[in-house]
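So the chains spell out like this:
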Amino acid sequence: MHPDRGSAPLPRPRGPLSAQLLAALAEGAPLPCRLPDLGDPLEDEDLQLALTCCYELHYRGFVGVDDRWEWDPALLALRAELEAHVEGALADRCRPGPEIGPDAVVGAVAELVASAGGPSLSSYLADVGTAEQLREFLVHRSWYQLKEADPHTWAIPRLWGQAKAALVEIQADEYGNGEAGRVHATLFAATLRAAGLDDGYGAYLDRLPASTLATVNLVHLFGLHRRHRGALVGHLAVFEMTSVEPMGRYARALRRHGFPTVAAAFYDAHVVADAVHEVVALQHMVAGLVRQEPALAGDVLFGARAVLEVERRFAASVLDAWAQGTSSLLPAQARAVPCR
Ligand SMILES: [Fe+2]
Ligand SMILES: [Fe+2]
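Residues numbered from 1 in each chain as written. Chains lettered and ligands numbered in written order. Predicted model: local features only at pLDDT ≥ 70, side-chain atom pairs only at ≥ 80, totals over all residues. Heavy atoms only, no water.

Peer 1: Would you explain the environment of lysine 164 in this entry?
Peer 2: The topology assignment puts lysine 164 in helix 8 (residues 161–174). With 137 residues separating them along the chain, lysine 164 and glutamate 27 place their C-alpha atoms 41 Å apart. Beyond its immediate chain neighbours, meaning those up to four positions away, lysine 164 contacts Ile156, Pro157 and Leu159. (Helix = DSSP H or I, 4+ residues; strand = E, 2+ residues; numbered from the N terminus. Contact = heavy atoms within 4.5 Å.)

Structure representation (C-alpha cells):
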C-alpha cells in the first residue's frame, strides 16, 4: 500500500520515452524533444505508459509531482505527438466505410454491438478461470475502475439538451446518486479488498501491459478533447450496451470461487444500473447528440468502433497469456530502463 491514497505512485519507465518523461516529472529533467522509434501505437509499452503519465496529470496525479505539470506547454506538445500516433492507428482500423447519416447512427451502434465478436473474458472467468486469473482481471481493470466514469464526465459541459441530460442521468448513478458508498469506483475498491488486493489508486500501474493501458488512454483521449465529444459519446454508449451480461458473469465468477459477498456488489450494481443505462445511452444520449449535431454521426461510430477494437485486443492478450499458462500481467519487478 502506498502512503498517499489520493494520487498514484510514479510508475517505472518502460523505454527511453517514458524514462525521460518520468525523470522530468520527478526531477525536472528536460522532456524528450524527439520521439524514439515506436512500434504499433496501440501496443507499444513505452508510448502507452508515457501517454498514461501525461493523462493522469488531469486526474488525481502522481505522488510528489507538481500539479503545474498538468498545463505545461512542452508536456502538452509531447502528448499531442503521442496522440497523433494513436489517432492515426485508430483511424486506419476504425474509420473505414462510407459516411453515415445521423438517422442511421442509433441502428449502426446497435448493430456494431450485436455483431461484435472476439474472445469473451467474462465467459472464460465465469466458466473455467481460476481464482488467481480472476484476481489478475481485477488488477487489469483497477486503473480504470478506481476512476470509473470520470473520463466521460468531461463531456458534460460540451453537450446540451437531451444528450447532456442523458449523460448526467448515467453519471449520477456512476457517482452513487449522492451516496459515497454507492460510487462505482468505491464499490470497485471494496471488490479489490475483498479479493485480497491493494485498493490504492494506481497501485498496480507497473503490472499493466500496454494493451490494458490503451483501453484507459483511449477514453482519456476522447474525454480531454472537445473535438472528440462525438467519439466519447459513442464510447460510453458501447460501454453501457456491453455491460449487463459480462458484469453478471464476473459476479458469478466471484461467487463460484467463494469470494466474500461484498466482492460482487460492484458487478451486481452494474447488472441493474446498466439495463437502464444502455437504453438511456443509445436512445437519448446518442440520438440526442446526432439530432443536435448531425456532423458528429461518423465520430460517434468511430468512438464505438475504437472501444470495441481496444477491448478486443485487451481480451485477446489476457486470454492468450492464460492459454500459455503464464500471467497476463507484467512481472512485479520489471527492470527499469535507463534514460538515454
Ligand atoms: Fe459504473
Ligand atoms: Fe453504467
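On we go from here.
Peer 1: Got a minute to help me understand the coordination of the iron ion (ligand 1) in this structure?
Peer 2: Geometrically, a metal with four donors at the corners of a regular tetrahedron has ideal angles of 109.5 degrees, and one with six donors at the corners of a regular octahedron has ideal angles of 90 or 180 degrees. Coordination of the iron ion (ligand 1) by the protein comes from Glu148 (OE), Glu174 (OE), His184 (ND1) and His270 (NE2), over a distance range of 2.0 to 2.4 Å. In this structure, the iron ion (ligand 1) is surrounded by four donor atoms whose angles at the metal cover 82 to 168°, and the resulting shape is irregular. Separating the iron ion (ligand 1) and the iron ion (ligand 2) is a distance of 4.4 Å, and glutamate 174 donates to both of them. Taken as a pair, glutamate 148 in the loop between helix 6 (131–145) and helix 7 (150–153) and histidine 184 in helix 9 (residues 184–194) lie far apart in primary sequence, 36 residues in all. With respect to burial, glutamate 148 and histidine 184 carry one shared label: buried. (Donors = N, O, S within 2.8 Å, 3.2 Å for Na, K, Ca; no water. Tetrahedral: all angles 85-135°; square planar, octahedral: opposite > 155°, others 65-115°. Buried < 20%, exposed > 50% of the residue type's maximum accessible area, 1.4 Å probe, protein only.)

Peer 1: What exactly am I supposed to notice about unusual backbone geometry here?
Peer 2: Glycine aside, the phi torsion of most residues is negative, and most peptide linkages are trans. Phi angles above zero are rare outside glycine, and alanine 149 is one such case at about 85°. Following the sequence through the fold, alanine 149 ends up in the loop between helix 6 and helix 7. With relative accessibility at 2%, the residue alanine 149 sits in the buried group. The phi dihedral of asparagine 177 is positive, around 50°, even though this residue is not glycine. Tracing the backbone shows asparagine 177 in the loop between helix 8 and helix 9.

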